[in-house]
Amino acid sequence: MNDRVKVAIIGPGNIGTDLMYKILRSRYMDLVLMTGIKADSDGLALAAKEGVATSLKGIDAILENEHVRIVFESTGAKPHAKHAPLLKEAGKIAVDLTPAAVGPYVVPYVNLHEHLDKPNVNMVTCGGQATTPIVAAISKVCRVRYAEIVATIASKSAGPGTRQNIDEFTQTTAKGLEVLGKAEKGKAIIILNPAEPPIIMRDTIYALVDDPDEDAVRRSVAEMVAKVQNYVPGYRLKVEPYVDADKVTTMIEVEGAGDYLPKYSGNLDIMTAAACAVGEVFAEKLLREQGAVA
Amino acid sequence: MDNHKDLSIKKRKVAIIDTTLRDGQHAMAHQFLPEQMAAVAAALDDAGVGTIEVSHGDGLAGSSIQYGFAAATDGEYLEAVSKAIKKSKLGILLLPGIGTQKDLEMAREHGAEAARVATHCTEADIGEQHIQLARELGMRPIGVLMMTHMVEPPKLVEQAKIMEAAGAELVYLMDSAGAMLPPDVKARIEALKSALGVEIGFHAHNNLSMAVGNTLAAVEAGADSVDGTLRGLGAGAGNAQLEVLIGVLQKLGVETGVNFYKVMDAAEQVVEPIMPRAQVINNDSLMLGYAGVYSSFLLHARRAAKRFDVDIRDVMVELGERKTVGGQEDMIIDVAIEMAKRVKP
C-alpha cells in the first residue's frame, strides 16, 4: 500500500473512532496509527482490532513517526492549540476537528480548494458543515444580507464537550456563515431535543436576500446538496427552498452512516465524514506532487 | 379575610418577578418600544415589584427570523428600563444555545442585577457556565427549567441540582406550555423544596386557565418566588395575571410587597392601552395547553397555518406528538408543509 498517504488520528473518543472507520474505507489514505493517553480507551481497542497500530503516547507517538503525513486531531481545543505548532514543525498537515481553529475553516466543495497549501485546517462545527454549503449555494445566485441557521440535535448526540461550550457552537457557526457562506451577517441557534427515539439532526436555514429568483435558488441548493451527498450519504433536503418576499427558507436533515456512532447523530457524522473528505483531497494532492497519481 | 386564617401560607413572604417586558414580548410580536417598556417598568417599580425581567421573549439575542426581530436591541431595552426604575431589580433571561456569555456581560453593563438562565427541563448542564458567569459578574444567578410538564419530579430534582451546584440561588420551574394542573405543580414544587437547599420559583401560562390557580398551588407547596405579567400579557394565553395574583395572595395574607391598587393601575392605565389584542384564551392557545406545546409557538403557528392553508389545531397536536421543545419554531413550518402535502399531494 505504498501508493497511499500515511495518516494518523489523535484522540480516540467517539469522533476519532467513527472517523477511523471512514478512513479505513478511503482511497488515498492509509491509517497507520491511532493515539490517545488513556489505557482503557474503547477507540484504541477497536483500532487494534482493525489492525491499526495504537499508542498511549499521544502526540509524541505521532511526532516520532516520520511516515505520517496527515494528522486528524479529535482531542479538544486546548490540546490541539499545543499540538498544532509541533505538527507544523514536523511537516505534518493537521485536520483539526476541535474548536481550536488554529487554521482556516474548511468545508468541502465550499472553500477547501483555497486552503490546500495550509499546514492546518479546521472543520468549523457540525452546524457549520451542515449549513454553510447551503448558504454558499444561495450566495452564488443572490446577495445574502443575513443568514440564520437553527440546528436541532438529539440530546444524546451532544457530549460534555458540546454542552460545556455551547457558546462556541453559536459563535463559530455564525462566523462560518459569514466566512464560508458569504453572508454579510450570520446568526446561529442550537437546540437540544431529548425526544426518544432520538431525532435525526435537522437544520433550518433562513436567508434575507436581494432580488431572489426562487428557481435559481432551488437549482443552486440542489446542486450543492448533491455534492455534499458525495461524502455524507445521509444529507437530505427536507424542505425545498421557498421564498417569502426577501426571505429564503429551507431545511435539511442529516442522518449518520452509523459507522461507530448511532445514525441519529448526523451532527457528529457530518464532522467525521467532512474531515475524511478533506483528508482525501490533501492526500490526493500529496500523491500527485510525488507523481503517484496522474 | 378571617375565613382564610387557617391556611399555612398566611404571613409567608413570596417574591415576585414581573415578566411583562419579557414574556409579554411574545404577545407583542417583540414590538415593544423602549419608551413603552420604560413606562411599564416605572409603574411596576412604583407598585413595589421586586424584579422586572426585560429581554426578547426568547431571551437575550433572541431577535431573529426564527423567533421574530425585535423593535429595539437588548441594550436599548435594558438602558431604557434601567433609567426608569428606582427600587426594583432589573433582570434578564438567557437561553444558552440562543444567547451567549457575551450577552450576559452586555446586560450587566446596562445595569442588569439578576440573570435567569433557562434550559429545557432535561438539559440543565448547557447552562452551567452561564450561571457561573452571572455570579462572577455580580448578578443574582437564577436557574430555570422549561417545559416542566414533560418530565416527572425526580428528573426535575436531578436537573435542578445541576443548576444549584453551578451556583444558582433560586431555581425556577416554568410550565412553558401551560399544560399543568394544580396537582402537577404541587408534586413538582414539593419535590424540589425537599431536595434542594436553594429557593424555588414557579412561572405559569394560562392556556388551560390555570395560571393563577397553578401559581397558588406552587405557593402552597412552598414556592419562594413566582412570576406574573400585567393583564397576563405573555406567550400563548399569557401568564399569571399579576394584578389578579397580587389580589389573590393578599386575600390569603401572603406578603409580596406589591401594592394591589398600584399594580391594578399599572395594568389598566399603562399596559392595556398598548396591547395589540386582549389577552384571552382562544381555541389556538387552548390547544397549546391541551397538546403540551411551547406557548410562544402561538403566533408563529397562526402564520404558518395561514401560509400553508392547514388547520392550526392539527399543527399543534402534531407538534405535541413530536415532543418539540422550546425554541423549535422552525418545526411549525415543517409540520405545516407536511400537512399541506398530505391534503393536496
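In this text, all values refer to a predicted model and were calculated from it rather than measured experimentally.

### Remarks on the overall build of chain B
Regarding its fold elements, chain B presents 14 helices and eight strands. Relative to a compact globule of 345 residues, whose C-alpha radius of gyration would be 20 Å, chain B shows 19 Å and is just as compact. Within chain B, buried positions represent 60% of all 345 residues. Considering only residue pairs separated by 6 or more positions, chain B has 77% of its internal contacts joining residues 24 or more positions apart.

### Looking at helix 7 (residues 166-179) of chain A
In this model, helix 7 of chain A (14 residues) spans 20 Å end to end at C-alpha, consistent with the 20 Å of a helix rising 1.5 Å per residue. Regarding helix 7 of chain A, the residues found buried are Ile 166, Asp 167, Phe 169, Thr 170, Thr 172, Thr 173, Ala 174, Gly 176 and Leu 177 of chain A. Against helix 5 (126-141), strand 7 (144-154), helix 6 (160-164) and strand 8 (186-193) of chain A together with helix 4 (101-109) of chain B lie the buried residues of helix 7 of chain A.

### Overview of the sheet that holds strand 11 (residues 247-254) of chain A
All names here are of chain A. Pairing is mixed in the open sheet, where five strands are placed in the order 8-7-9-11-10. The sheet is open, and its two edges are formed by strand 8 and strand 10 (235-244), each paired on a single side. Along the sheet, successive strands turn relative to each other by an average axial angle of 15°, direction set aside. Together, strand 7, strand 8, strand 9 (201-209) and strand 11 form the strand contacts of helix 5, whose direction differs from that of strand 9 by roughly 30°. In the packing of helix 8 (residues 214-229) onto the sheet, contacts are made with strand 10 and strand 11, and the angle to strand 10 comes to roughly 165°.

### Remarks on the sheet that holds strand 4 (residues 114-120) of chain B
Pairing is parallel in the closed barrel, where eight strands are placed in the order 1-2-3-4-5-6-7-8 (chain B). Across the sheet, the mean angle from the axis of one strand to that of its neighbour is 25°, orientation sign disregarded.

Reading the values: rules and limits
- Residues numbered from 1 in each chain as written.
- Chains lettered and ligands numbered in written order.
- Predicted model: local features only at pLDDT ≥ 70, side-chain atom pairs only at ≥ 80, totals over all residues.
- Helix = DSSP H or I, 4+ residues; strand = E, 2+ residues; numbered from the N terminus.
- Rg over C-alpha atoms; globule rule 2.2 N^0.38 Å.
- Buried ≥ 20, exposed ≤ 12 C-beta atoms within 10 Å, placed from the backbone.
- Contact = placed C-beta atoms within 7 Å.
- Expected span 1.5 Å × (residues − 1).
- Pairing = 2+ DSSP bridges.
- Axes fitted to C-alpha atoms, helices over the stretch in contact; angles between N-to-C directions.

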